[in-house]
Amino acid sequence: MCCLILALFVVLYVVYKVYEFHKGKTSIENKNNRYVLITGCDSGFGNALARLLDKQGVPVFAACLTEKGGTELKKHTSSRLRVLQLDVTDQKSIRNAVEFVKRHLPKSSGLWGLVNNAGLQVLHAPLEFQSHEAIEKCLKVNLLGSIDVTRSFLPFLRKAKGRMIYLSSDSAFIEWPCRAPYVISKFGIEALAECLRRELYLVGVTSHTIQPGPFKTRIVDPNEMKSALQKAFDEVDEEVQQFYGQQWFQKIKESFEGIPKIQYEDLSPVTNAICHALFSVMPKRRYRCGKICEYYFYPISLLPEWFNTWYWAMNPQPEAVTHN
Ligand SMILES: NC(=O)c1ccc[n+]([C@@H]2O[C@H](COP(=O)([O-])OP(=O)(O)OC[C@H]3O[C@@H](n4cnc5c(N)ncnc54)[C@H](OP(=O)(O)O)[C@@H]3O)[C@@H](O)[C@H]2O)c1
């Protein structure tokens with residue numbers, strides 16, 4: 001009897017997945033009057049997405065941190081795309097962005113999509129090397145920024161019964177050593193998206209997270225990582241320097257050189273996932289992007305914690321630990 005019930009569940013699950021797959025391919029209509037705001041469009045995923053949506057005829061509000069980023073983006077897009085300046089950590093800048101969107105949205109329209117994309121990385125080093133200011137900046141941009149932008153644009157999203165997309169990361173299910181502030185910010189983003197899904201369920205606004213693996217954008221630059229680590233190592237207390245040791249320091253710097261080998265140059269798995277979340281009739285709750293993320297990081301994260309702790313333990317070890 002138990003086997004029969006189990007088999008029934010398996011069959012129902014497979015049928016649902018097949019239905020989801022086929023239904024998910026269908027796109028909602030009238031993309032050209034569904035307004036989408038994207039943060040962090042100066043470079044990377046935000047920039048690529050703004051261009052892609054613009055090509056598809058979607059009216060885009062592309063929020064850039066810098067004027068230069070906006071001017072560059074304008075050169076490659078149609079007059080339909082509107083560039084605005086937005087620093088997600090600055091309340092005045094957010095208020096100005098709200099006014100801008102209000103001014104340019106047709107009276108009867110709301111905001112169909114809000115893509116919370118702006119983000120930055122932290123120094124790749126143990127917590128003792130991270131300054132309070134750097135940790136604060138990471139949380140302000142990656143987490144508080146998304147919270148504040150969401151709060152401010154919710155009235156527009158409610159009006160359209162729109163969708164909120166959050167750029168999360170593989171760091172939302174793998175607690176990488178040497179990246180604690182970033183991991184915390186991405187766990188926070190997942191929590192935010194989950195809470196809002198329930199909070200806004202009856203309102204009709206939905207939320208979706210995107211979990212990219214390693215992609216080649218401006219966010220991870222091995223040369224910058226090396227110089228930032230050098231600076232942090234030089235500035236940290238002598239006791240900490242001795243605990244980690246010169247050999248550890250050299251090895252960890254060398255390990256940065258391997259990063260470009262695992263980064264995908266083609267950003268389309270991420271931009272396509274965001275498009276699906278925005279315009280499919282059956283968007284998913286969560287999208288894992290990049291084979292390494294989907295078929296390596298994620299399955300490993302499902303294994304027991306003792307295995308994950310051992311597998312992802314910081315390598316190389318501090319010299320004081322190796323010599324014990
Ligand atoms: N690339 C990856 O491997 C990867 C993996 C997982 C998750 N992600 C996530 O994907 C998102 C996009 O990153 P990306 O890879 O496309 O990197 P990116 O090229 O560095 O793009 C991030 C953008 O956010 C902007 N930004 C930084 N601080 C901001 C602020 N205070 N207000 C508004 N915008 C700000 C940056 O502007 P400036 O460049 O001018 O500072 C940049 O244009 C991030 O949330 C990141 O955590 C990326």
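Parameters at a glance
Residues numbered from 1 in each chain as written. Predicted model: local features only at pLDDT ≥ 70, side-chain atom pairs only at ≥ 80, totals over all residues. Heavy atoms only, no water. Core = buried A, V, L, I, M, F, W, Y, C linked by side-chain atoms within 4.5 Å. Buried < 20%, exposed > 50% of the residue type's maximum accessible area, 1.4 Å probe, protein only. Helix = DSSP H or I, 4+ residues; strand = E, 2+ residues; numbered from the N terminus. Contact = heavy atoms within 4.5 Å. Near = heavy atom within 4 Å. Polar contact = N/O pair within 3.5 Å; in protein donor to acceptor, adjacent residues only side chain to side chain. Areas by Shrake-Rupley, 256 points an atom, 1.4 Å probe, with all protein chains shown as cover. Pairing = 2+ DSSP bridges. Axes fitted to C-alpha atoms, helices over the stretch in contact; angles between N-to-C directions. Arc of directions from axis to C-beta. Phe/Tyr/Trp six-rings, centres within 6.5 Å; stacked < 30°, edge-to-face > 60°. Lys NZ or Arg CZ within 6 Å of the ring centre and 35° of its normal. Domains from an automatic or database assignment. Buried area = accessible area lost by both parts, 1.4 Å probe. Salt bridge = Lys/Arg side-chain N within 4 Å of Asp/Glu carboxyl O. Nonpolar A, V, L, I, M, F, W, Y, C, P; charged D, E, K, R; others polar. Parallel < 35°, antiparallel > 145°, perpendicular 65-115°, else oblique. Left-handed = near helix turned anticlockwise from the far one by under 90°.

Moving on, we come to the nonpolar core. The biggest cluster of nonpolar side chains holds 31 residues, and the ones touching the most others in it are Leu-37, Phe-61, Leu-111, Phe-153, Leu-157 and Met-164. Contributions of two or more residues to this core are made by strand E1 (35–38), strand E2 (60–64), helix H4 (91–104), strand E4 (111–116), helix H5 (132–160), strand E5 (163–167) and helix H6 (180–199). Broken down by element, the residue count for this core peaks at seven residues, all from H5. When neighbours within four sequence positions are excluded, Leu-37 is seen to be in contact with Phe-61, Ala-63, Leu-84, Leu-111, Gly-113, Leu-114, Val-115 and Phe-153. Counting residues in each nonpolar core, the second largest holds 30 residues, with Ile-28, Ile-38, Val-270 and Ile-274 among its members.

Before going further, it helps to examine the site of the ligand. Of all residues adjacent to the ligand, which total 26 residues, the nearest are Ser-43, Tyr-182, Phe-215, Thr-217 and Arg-218. Note that an oxygen atom of the ligand is positioned 3.4 Å from one of the backbone N or O atoms of Gly-44. In this structure, an oxygen atom belonging to the ligand sits 3.0 Å away from a side-chain N or O atom of Lys-186. With the chains in place, 90% of the 870 Å² that the ligand exposes on its own is no longer accessible. Of all the secondary-structure elements, those providing two or more residues to the shell around the ligand are helix H2 (44–55) and H6.

To continue, consider the sheet that holds E5. Within the open sheet, the seven strands sit side by side as E3-E2-E1-E4-E5-E6-E7. Their pairing is parallel. In the strand order of this sheet, the two ends are held by strand E3 (82–85) and strand E7 (286–289), each with one partner. When the angles between neighbouring strand axes are averaged without regard to direction, this sheet yields 20°. Relative to E3, E2 is paired through four bridges, and the arrangement is parallel. Residue Phe-61 lies in a different strand from E3, and its bridge partner there is Arg-82. Each of E1, E4, E5, strand E6 (206–212) and E7 touches helix H10 (residues 268–279); the most contacted strand, E5, lies at about 160° to it.

What follows covers helix H11 (residues 291–301). Ile-292, Cys-293, Phe-297, Ile-300 and Ser-301 are the residues of H11 that are buried. The buried residues of H11 occupy an angular sector of 105° when the element is viewed end-on, so they sit on one face. Exposed residues pointing more than 90 degrees away from the buried face of H11 are listed as Lys-291 and Tyr-295. The inward-facing, buried residues of H11 contact E6, helix H9 (259–262), E7 and helix H12 (305–311).

It is worth spelling out the pairing of E6 at this point. Extensive coverage of E6 is indicated by the burial of six of its seven residues. Pairing geometry for E5 and E6, over five bridges, is parallel. Along E6, the bridge assignment pairs Ile-165 with His-208. Relative to E7, E6 runs parallel, the two sharing four bridges. Following the sheet pairing, Pro-212 is matched in E7 by Cys-289.

We now examine the packing of aromatic side chains. Taken as a whole and judged by the stated rule, the model has 22 aromatic pairs. With a centroid separation of 5.7 Å and an interplanar angle of 75°, the aromatic rings of Phe-45 and Phe-215 are classed as edge-to-face. Of this pair, Phe-45 sits in helix H2 while Phe-215 sits in the loop between E6 and helix H7 (222–235), and the two are 170 residues apart along the sequence. Residue classification places Phe-215 among the buried residues on the basis of a relative accessible area of 4%. With a centroid separation of 5.3 Å and an interplanar angle of 40°, the aromatic rings of Tyr-296 and Phe-297 are classed as tilted. Linked through ring pairs, Trp-176, Tyr-296, Phe-297, Trp-306, Phe-307, Trp-310, Tyr-311 and Trp-312 together constitute an aromatic cluster. The positively charged end of Arg-288 is found above the aromatic ring belonging to Tyr-298, 3.4 Å away from the centroid.

The next thing to look at is the domain arrangement of the chain. Each assigned domain of the chain is listed here: domain 1 (31–218 + 264–314) and domain 2 (221–262). Between domain 1 and domain 2, the C-alpha centre-to-centre distance is 29 Å. At the interface, 13 residues of domain 1 touch 14 residues of domain 2. With both sides pooled, the region where domain 1 packs onto domain 2 buries about 1,100 Å², and carbon together with sulfur makes up 73% of that total. When residues of domain 1 are sorted by the area they lose upon contact with domain 2, His-124, Glu-128 and Phe-129 head the list and together hold 50% of the total. Taken together, domain 1 and domain 2 are joined by zero salt bridges. In this assembly, domain 1 and domain 2 are joined by one residue pair in polar contact (both at pLDDT 80 or more). Class assignment for the residues of the side of domain 1 that touches domain 2 results in nine nonpolar, one polar and three charged.

Looking now at the packing of H2 against H10. At their nearest, the axes of H2 and H10 sit 10 Å apart, and the two run at 55° to each other. Classified by the angle between their axes, H2 and H10 sit oblique to one another. Handedness of the H2/H10 crossing: right-handed. On H10, the residues touching Phe-45, Ala-48, Leu-49, Leu-52 and Leu-53 of H2 are Val-270, Thr-271, Asn-272, Ile-274, Cys-275, Leu-278 and Phe-279.

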